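For reference, the chains in residue letters:
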Amino acid sequence: MKAMMLTGIRQMEMKEIPEPQLINKNDVKIRMSVVGICGSDIHYYTMGQIGSQIVEYPFTVGHEGAGVVVEVGSEVERVSPGDSVAIEPAMPCWKCDQCLSGRHHTCRKLRFLGCPGQAEGCLMEYIVMPEQSCFPLKGRLTTDHGSISEPLAIGVYSVKKSGGVKMKKIGILGYGPIGMSVMHAATAEGADTFFVTDKINRRLAIAENSGATLTGNPLNEDIAEKLYNKEAPGLDVVFECCGQQEAMDQAIEILKPGGKLIVVGIPEFDNWIVNVEKTRRKEISLQFIRRQVDCVEPALSLMEKGTINVENMITHRFHFSQTREAFDLVADYSDGVMKAMIDFV
Ligand SMILES: [Zn+2]
Ligand SMILES: [Zn+2]
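Everything quoted here is computed from the prediction, not taken from an experiment.

Calculation rules
- Residues numbered from 1 in each chain as written.
- Chains lettered and ligands numbered in written order.
- Predicted model: local features only at pLDDT ≥ 70, side-chain atom pairs only at ≥ 80, totals over all residues.
- Heavy atoms only, no water.
- Pairing = 2+ DSSP bridges.
- Helix = DSSP H or I, 4+ residues; strand = E, 2+ residues; numbered from the N terminus.
- Axes fitted to C-alpha atoms, helices over the stretch in contact; angles between N-to-C directions.
- Contact = heavy atoms within 4.5 Å.
- Donors = N, O, S within 2.8 Å, 3.2 Å for Na, K, Ca; no water.
- Tetrahedral: all angles 85-135°; square planar, octahedral: opposite > 155°, others 65-115°.
- Buried < 20%, exposed > 50% of the residue type's maximum accessible area, 1.4 Å probe, protein only.
- Core = buried A, V, L, I, M, F, W, Y, C linked by side-chain atoms within 4.5 Å.
- Parallel < 35°, antiparallel > 145°, perpendicular 65-115°, else oblique.
- Left-handed = near helix turned anticlockwise from the far one by under 90°.
- Phe/Tyr/Trp six-rings, centres within 6.5 Å; stacked < 30°, edge-to-face > 60°.
- Lys NZ or Arg CZ within 6 Å of the ring centre and 35° of its normal.

### Notes on the sheet that holds strand β12 (residues 169-173)
Here six strands make up an open sheet; going across it, the order is β14-β13-β12-β15-β16-β17 and the pairing parallel. For this open sheet the edge positions go to β14 (214-216) and β17 (285-288), each flanked by a neighbour on one side alone. Strand-to-strand twist of the sheet, defined as the mean angle between neighbouring strand axes without regard to direction, takes the value 15°. Relative to the sheet, helix α6 (residues 223-230) contacts β13 (193-197), β14, β15 (235-240) and β16 (255-263), its axis offset from that of β14 by approximately 165°. Each of β12, β13, β15 and β16 touches helix α7 (residues 245-254); the most contacted strand, β16, lies at about 150° to it.

Listed below in structure tokens is the structure:
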């Protein structure tokens, strides 16, 4: 079968590798239909690492996948051959302290698709996953929804970790697919005011269409000033969704005393700078987000009910053979790209 493998910084090649086989009784073999490109895939493509997770070439990334089941192990109950499934990329051990306390996203022995040292990604024609990672796509849900359920689940989880946003004034700093996922999840929960910032005006226009009440571009306006002109007391919850120091600084600035700062973005640097005086005097709560746990099903059900319409997240499509063009497009933020999808057919 074919696998699209990273072979160096900003380099990838289509390679021929053996098809994976079922090993465990709960294994499911899936023929990939679609894979969404994630910001983290791009970090591996352009930098060869995220923090201490370093790529050893050749390596396949990709973890926002959906496909069709082609073969199942003898104990699999949840899915059958022919079913379309969303793929949860995390494969926890289900035995460690973290797994036993319901935190299987921080499993001590976690294997995650497309994460160096853990598991190859799903930019290949077939993969084998444990059945716990397979979520059947019901009703109106397509494999696109299945793929989008991965970033959307992070939005749903981030909102959950914020302690709830119903009727609250919230900010979303960085409106890529994750910022957008937070927006959709917060809208579904009934958040009141949305202040959205991004450096790309086209993204701000999309945010306005999706219900942002105020937007700002930090390249040409003072974010805090803009917010306080409209919302004098400041915001209840701010989601940092771009991994930029200046966004962290702005978040602290625009939160009201007692506000919550939810840090979802993945920075390219090693240390955040958090202003002591402002965070302390305002008694800001800081919550970091590590992917998500148990939020794939809620994300799928929001899409199935039509509460969340994510079609406008997908802006570009490429065939599997054109994966490199897709990665370059996303890496360079070209052509107003939000989410680029890789199609296998
Ligand atoms: Zn992702
Ligand atoms: Zn575990």
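Picking up where we left off.
### Notes on the side chain of Gln250
With respect to the helices and strands, the residue Gln250 is situated in helix α7. If we ignore the near neighbours within four places in the chain, the residues touching Gln250 are Leu173, Pro218 and Ile223.

### Considering the coordination of the zinc ion (ligand 1)
On the protein side, the zinc ion (ligand 1) has Cys38 (SG), His63 (NE2), Glu64 (OE) and Glu150 (OE) as donor atoms, found 2.2 to 2.6 Å from it. With four donor atoms in place around the zinc ion (ligand 1) and angles of 82 to 168° between them, the coordination shape is irregular. Along the chain, the residues that donate to the zinc ion (ligand 1) are spaced as C-x24-H-E-x85-E. With Glu64 in strand β6 (residues 64-72) and Glu150 in helix α3 (residues 143-161), this pair connects stretches of sequence that are 86 residues apart.

### What about the coordination of the zinc ion (ligand 2)?
The protein atoms that coordinate the zinc ion (ligand 2) are Cys93 (SG), Cys96 (SG), Cys99 (SG) and Cys107 (SG), at distances spanning 2.3 to 2.4 Å. Of note is the zinc ion (ligand 2), whose four donor atoms meet at the metal with angles of 102 to 118° in an arrangement that counts as tetrahedral. Each donor residue of the zinc ion (ligand 2) belongs to the same chain, with the gaps between them written as C-x2-C-x2-C-x7-C. According to the relative accessible area criterion, Cys96 is buried, its value standing at 13%.

### Quick notes on the nonpolar core
Ile30, Leu123, Ile127 and Ile342 are the most contacted members of the largest nonpolar core, which totals 51 residues. Those elements giving two or more residues to this core turn out to be β1 (2-8), β3 (27-36), α1 (39-47), β7 (84-87), β8 (90-91), β10 (126-130), α10 (323-331) and β19 (339-343). In terms of residue count, the dominant contributor to this core is α10 (five residues). Excluding anything up to four places from it in sequence, Ile127 contacts Pro20, Val28, Lys29, Ile30, Met32, Ile87, Leu113, Gly121 and Cys122. Membership of the second largest hydrophobic core comes to 48 residues, among which are Val34, Phe135, Val293 and Met313.

### A word on the packing of α3 against helix α9 (residues 296-304)
Where α3 meets α9, the axes come as close as 8 Å, and the angle between the chain directions of the two elements is 115°. Comparing their axes, α9 and α3 come out roughly perpendicular. Relative to α9, the crossing made by α3 is right-handed. Every residue of α9 that contacts α3 at His145, Gly146, Ile148, Ser149, Leu152, Ala153 and Val156 is listed here: Val296, Pro298, Ala299, Leu300, Leu302 and Met303.

### Observations concerning the pairing of β3
For β3, the buried fraction is high: nine of the 10 residues fall into the buried class. By the bridge criterion, five bridges tie β3 to β10 in an arrangement that is antiparallel. Within the sheet, the bridge partner assigned to Val28 lies in β10 and is Met129. Sheet analysis places β3 next to β6, joined by eight bridges and oriented antiparallel. Across the sheet, residue Ile30 finds its bridge partner in β6, namely Val69. With three bridges connecting them, β3 and β19 associate as antiparallel partners. The partner of Val34 across the bridge, within β19, is Asp343.

### Brief notes about the packing of aromatic side chains
Evaluated as defined, the whole model comprises three aromatic pairs. Judged by centre distance (5.1 Å) and plane angle (90°), the rings of Phe269 and Trp272 are edge-to-face. Above the plane of the ring of Tyr126 lies Lys29, whose end atom (NZ or CZ) is 5.2 Å from the centre. Positioned above the aromatic ring of Phe135 is the side chain of Arg78, whose terminal nitrogen or guanidinium carbon lies 4.6 Å from the ring centre.

In short, the description is geometric, and any link to function would need to be established separately.
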